[in-house]
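Structural overview
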Amino acid sequence: MIQLPASYEEYLVGKDPSFVDMVRPVLLQSAADRLHGVRVLFVPRGHQAHLDDTIPYGTIVEDID
């Protein structure tokens, strides 16, 4: 089982369960490869999350699209 880094676990604390369900697969993917961080985009109809090779592993950056 893949262990999320503490920074990812801390990011999820207090978040809405539907948001956590959306972002967790990307956090797990990041934790599996340990190469890239995660960018979470706030878009007009919700949220999107993806790996970003410009962000160091263990870091989450929120951004507005």
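As shown above, the structure is provided for reference.
This section reports on the structure supplied with the text. (Residues numbered from 1 in each chain as written. Predicted model: local features only at pLDDT ≥ 70, side-chain atom pairs only at ≥ 80, totals over all residues. Heavy atoms only, no water.)

With that settled, consider helix α2 (residues 17-33). Relative to the 24 Å expected for 17 residues at 1.5 Å per residue, α2 spans 25 Å between its end C-alpha atoms, a close match to the ideal helical length. The largest bend along α2 reaches roughly 35 degrees and is located at V23, with the proline P25 sitting one to four residues downstream. For α2, the full list of buried residues reads F19, V20, V23, V26, L27, S30 and A31. Next to the buried residues of α2 lie α1 (6-12), β1 (37-43), β2 (46-52) and β3 (60-64). Trailing α2 by a residue or two, R34 shows a phi angle of about 55 degrees, which is positive. (Helix = DSSP H or I, 4+ residues; strand = E, 2+ residues; numbered from the N terminus. Expected span 1.5 Å × (residues − 1). Bend = angle between axes of the 7 residues up to and from the residue. Buried < 20%, exposed > 50% of the residue type's maximum accessible area, 1.4 Å probe, protein only. Contact = heavy atoms within 4.5 Å.)

A few words now on unusual backbone geometry. Peptide bonds are mostly trans, and most non-glycine residues show a negative phi. The phi dihedral of R34 falls on the positive side, at around 55 degrees, and the residue is not glycine. As for its placement among the helices and strands, R34 is situated in the loop between α2 and β1. By relative accessible area, which is 55% here, R34 ends up exposed.

Another aspect to go through is the packing of aromatic side chains. In total, this model carries two aromatic pairs according to the counting rule given. Where Y8 meets Y57, the ring centres are 6.1 Å apart and the plane angle is 70 degrees; that geometry is what we call edge-to-face. Note that Y8 is positioned in helix α1 and Y57 in the loop between β2 and β3, a separation of 49 residues in sequence. A relative accessible area of 25% means that Y57 is categorised as partly exposed. Plain terms: the ring middles of Y11 and F19 are 6.2 Å apart, the flat faces sit at 50 degrees to each other, and that makes the pair tilted. Summarising the burial analysis for this pair, Y11 and F19 share the class buried. Positioned over the ring face of Y11 is K15, at 4.4 Å from the centre of the ring. (Phe/Tyr/Trp six-rings, centres within 6.5 Å; stacked < 30°, edge-to-face > 60°. Lys NZ or Arg CZ within 6 Å of the ring centre and 35° of its normal.)

Keep in mind these numbers describe shape, not what the thing actually does.
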